[in-house]
Amino acid sequence: MQAPEHGTLTRPTPFTREPLRFLNEEGLPEGDRDPREVTGLSDAQLVDLYRAMVLSRKVDQMGWILVRQGRAGFYISIQGQEGAQVASLLALEPQDWVMPYYRTPPALHVRGATLVELFGQILGTNADPSKGRQMPAHFGSRKHRIFVLGSPVALGHVVAMGAAKALKYSRENAVVISYGGEGSTSEPHFHSAMNFAGVYRLPLIVFIFNNQYAISVPRAQQTASETLAEKARAYGFEGYYVDGSDPLAVYWVTRFVAERARTNHTPALIEALTYRLDPHSSADDDLKYRPREEVEAWKQRESLARMRRYLEHLGLWNEEKEQALHAEYDRAIEEAVEQAEQAGPPDLEEMFHEVYHTTPWYLQEEAREARRFAEEQEGSHA
Ligand SMILES: Cc1ncc(C[n+]2csc(CCOP(=O)(O)OP(=O)(O)O)c2C)c(N)n1
Ligand SMILES: [Mg+2]
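So, here's what we can say about the structure.

Criteria and cut-off values
Residues numbered from 1 in each chain as written. Chains lettered and ligands numbered in written order. Predicted model: local features only at pLDDT ≥ 70, side-chain atom pairs only at ≥ 80, totals over all residues. Axes fitted to C-alpha atoms, helices over the stretch in contact; angles between N-to-C directions. Helix = DSSP H or I, 4+ residues; strand = E, 2+ residues; numbered from the N terminus. Parallel < 35°, antiparallel > 145°, perpendicular 65-115°, else oblique. Left-handed = near helix turned anticlockwise from the far one by under 90°. Contact = placed C-beta atoms within 7 Å. Nonpolar A, V, L, I, M, F, W, Y, C, P; charged D, E, K, R; others polar. Buried ≥ 20, exposed ≤ 12 C-beta atoms within 10 Å, placed from the backbone. Pairing = 2+ DSSP bridges.

## Brief notes about the packing of helix H4 (residues 115-123) against helix H11 (residues 319-342)
(1) Moving on: Following both chains from N to C, one finds H4 and H11 inclined at 55 degrees, their axes separated by 8 Å at the closest point. Taken together, the axis directions place H4 and H11 in an arrangement best described as oblique. Between H4 and H11 lies a crossing of right-handed hand. Residue-level inspection shows Leu115, Val116, Phe119, Gly120 and Leu123 of H4 in contact with H11, the latter providing Ala332, Ile333, Ala336, Val337, Gln339, Ala340 and Glu341.
(2) Moving on: Along the lines of polarity and charge, the residues of the contact of H4 with H11 split into 9 nonpolar, 2 polar and 1 charged.

## Brief notes about unusual backbone geometry
(1) Moving on: Despite not being glycine, Phe15 has its phi angle at roughly 55 degrees, a positive value.
(2) Moving on: Within the fold, Phe15 resides in the segment before helix H1 (35-39).
(3) Moving on: Phi is positive for His265, close to 50 degrees, though the residue is something other than glycine.
(4) Moving on: Among the residues examined, His265 registers 17 C-beta atoms within 10 Å and is labelled partly exposed.

## Side note on the pairing of strand S2 (residues 176-181)
(1) Moving on: With 6 of 6 residues buried, S2 lies mostly within the body of the structure.
(2) Moving on: The alternating pattern of S2 places Val176, Ser178 and Gly180 on one face and Ile177, Tyr179 and Gly181 on the opposite face, and all of these are buried.
(3) Moving on: Pairing of strand S1 (residues 97-99) with S2 involves 3 bridges; the strand directions are parallel. Across the sheet, the residue bridging to Val98 is Ile177, located in S2.

Here's what the structure looks like:
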């Protein structure tokens, strides 16, 4: 999707007590500002934004199916966060870098990752840019300027801060966005990243999905701060509290802070208020720690329904278009899964290569040993 011209955005208000938003829970514009004017998004771009959100939801649904069918070993869901995830990715430029967290991958098609690559990663086949070296939900691809995330919560923030420092010193006109959950703000890595982003004035955006739980731990047990966004104050820069179910507000704020970071190296923290509609992962039972009614209530105010209502309100969408879109994506996803699977498992020795620029002798030795072991196993089963 083509982004609007630079420098055209009005400044969002930092450190608000209520989340910034244009759309109310019914998907209708509230207040006297036309979100199209403030965001600079055209009608065609609004439709593209919604389409990308639907695609992310459908990739996610297929992720769950693959686990249930025993074709994937594990899965982590984006459901409930599609609007904020897609809108913030769309607000970036191709030269920017993305540090995903484990709920980001179903939206990475926005950065140019193909569906075959995304499903290749979930299935760990040769279609995966990381060649099956990572567990599902850990997509990365240098080609698309997407870092490979590490599993420890918040680790990405500090790596992203280092990358932002490198960009600044190499005078690249680009920004790094680092995603994480509200749980990641309790980790030392978050604070190190925030501290040095402020000290060195780095082009870093730390984007926090406050989905109100870190597995079973509620947000109230993470911090006594009223908002997460206000933590930025302590590090000498601004924090923005946004309604994460309003993709337009998320787009506006992200685009604004990204433009500012590229031109004058000002870091920013964004807190997007969301809700995780699914269990934490395919290995979790969320009804043990949160009531079904709470989940159902959040389903009523999530981003997909809101954005669809808004497009309908503008006369840009209807049931027929919705059905056609689902049919188109169902086909595309089915084909992508088939291709990703047909790519076959990566060669056994792949796991020893590309760990270092050149494979050191001890990894070469381990690779030979693994090959010998595999051949012995095959022999003993023959
Ligand atoms: C350092 C560390 N501690 C614990 C875990 C296990 N773990 C994985 S995800 C997660 C919850 C993180 O919650 P949050 O940051 O709010 O993100 P969310 O999953 O809610 O999107 C935990 C505790 C881990 N991966 N790394
Ligand atoms: Mg969380």
